Amino acid sequence: TQNKSVNSDCLLISSKDIRTANKELAEQQSNEALSHLKSLSVQGAVINSIIDTIDTVTARDISMWASVFEQSSAIVYNFARKAIIQVLPTAANLVRWDRIQDPNCPLCNKLQTNKHVLSNCSAPVALERYKQRHDKVLNIIVSWIRSVASPVQTVYSDIPGDSKEVSDLFSGYRPDIAIVNSSSISTLELTVCHETNLVSSKQYKINKYKDLSNFTNVICNHKSISCFTIEVTSLGFISCINDFVKLNKLPAMPSAVKKNIIESVLNSSINIYFNRNFAY
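Remember, it's a predicted structure, so these values are computed and weren't measured experimentally.

Rules used in this analysis
- Residues numbered from 1 in each chain as written.
- Predicted model: local features only at pLDDT ≥ 70, side-chain atom pairs only at ≥ 80, totals over all residues.
- Heavy atoms only, no water.
- Pairing = 2+ DSSP bridges.
- Helix = DSSP H or I, 4+ residues; strand = E, 2+ residues; numbered from the N terminus.
- Axes fitted to C-alpha atoms, helices over the stretch in contact; angles between N-to-C directions.
- Contact = heavy atoms within 4.5 Å.
- Buried < 20%, exposed > 50% of the residue type's maximum accessible area, 1.4 Å probe, protein only.
- Salt bridge = Lys/Arg side-chain N within 4 Å of Asp/Glu carboxyl O.
- Right-handed = clockwise from strand over helix to strand, strands pointing away.

Peer 1: Tell me about the sheet that holds strand E3 (residues 184-193), residues and numbers included.
Peer 2: In a beta sheet, neighbouring strands are held together by backbone hydrogen bonds and run either parallel or antiparallel to one another. Spatially, 4 strands are ordered E1-E2-E3-E4 in an open sheet, and the strand pairing comes out mixed. In this open sheet, the two strands that pair with only one neighbour each are strand E1 (154-157) and strand E4 (224-233). In this sheet, neighbouring strand axes are inclined to one another by 20° on average, regardless of whether the strands run parallel or antiparallel. Pairing between E1 and strand E2 (residues 177-180): 4 bridges, direction antiparallel. Residue Ser-157 lies in a different strand from E2, and its bridge partner there is Ile-177. Packing of helix H8 (residues 124-148) onto the sheet brings it into contact with E1, E2, E3 and E4, and relative to E3 it is tilted by some 145°.

Shown next, in the form of structure tokens:
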């Protein structure tokens, strides 16, 4: 019962004022909650993945995501909160909770986990929804790059109907974005993936385009080619593209654009989740 044995009393005694004691107590509680969440094999998987890839998704961007998350509507907030700890009532979870008997996806008959619903379902209707989510993000990024590119740079995209399509540059390969400079070309490949696939998705795209210089059209002759990737997760975490930005002498992606991407992905993922059992 001594003060040193009671955490709150100990903090009050060791701290210079009540404000400092409250701050230390809040930090302790936050660290304890995070440690507990990280120890959970299912609920902690997404958290652990984001922490493990902190160099890819910067701490500043995670803070920005949190601010957008906290200011979202109740529907978005509740969806994202449950999705990030993988407790959305998907078929697999409902079976674990003894609510239903069949854990499989009615669209493709594979185990319907949170990850399956948001990124991995192979049904044509699900793939089309993923594509729509991807293309919305691509439009945001292309619009931003074109607004800041220099007059001597030409921006190509894989947006259908674009006046400058990447198919004009490459044969058989279609990276999402290409910036053509006087002596070089920089490509940027967008992937919208599950949080636990951040590293593997990036590596897959790097391997896919490593020989892109062998598939150029006449317009690319004698130009050096550099390939970059950007990953946006199904809940809106955005990977770092500083190398791409610096090479092309572009300004850093502004917060307004990042928030637009986060909101777009969250809204699309909610729609994907709500329609997970419907083939239309």
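Next comes the rest of the write-up.
Peer 1: Provide a residue-level description of unusual backbone geometry, including the pertinent values.
Peer 2: The residue Asn-109 is not glycine, and still its phi comes out positive at about 65°. By the secondary structure assignment, Asn-109 is in the loop between helix H6 (91-96) and helix H7 (114-120). Note on Asn-109: relative accessible area 56%, which makes it exposed.

Peer 1: Before we move on, can you summarise the pattern of salt bridges with the specific residues and values?
Peer 2: Per the counting criterion, the structure on display carries 4 salt bridges. Between Arg-146 and Asp-162 there is a salt bridge, and its shortest N-O distance comes to 2.9 Å. Of this pair, Arg-146 sits in helix H8 while Asp-162 sits in the loop between E1 and E2, placing them 16 residues apart in sequence. Take Arg-146: its relative accessible area is 35%, and that puts it in the partly exposed class. For Glu-189, the salt bridge identified is with Lys-205, shortest N-O distance 3.0 Å. Highlighted residues: Glu-189 in strand E3 and Lys-205 in helix H9 (residues 198-208), separated in sequence by 16 residues. By relative accessible area, which is 11% here, Lys-205 ends up buried.

Peer 1: An account of the environment of Pro-89 is needed here, citing residue identities and associated values.
Peer 2: Mapping Pro-89 onto the fold places it in the loop between helix H5 (74-84) and H6. When its relative accessible area of 28% is taken as the criterion, Pro-89 is described as partly exposed. Between the C-alpha atom of Pro-89 and that of Asn-114, which follows or precedes it by 25 residues, the distance is 8.3 Å. Residues within four places of Pro-89 in sequence aside, it is in contact with Leu-94, Trp-97, Tyr-273 and Arg-276.

Peer 1: Which residues make up the pairing of E4, and what values go with them?
Peer 2: Judged from the 10 bridges that link them, E3 and E4 form a sheet pairing that is parallel. What sits directly across from Cys-193, in E4, is Thr-233. Regarding topology, H9 serves as the crossover connection from E3 to the parallel E4, and that connection is right-handed.

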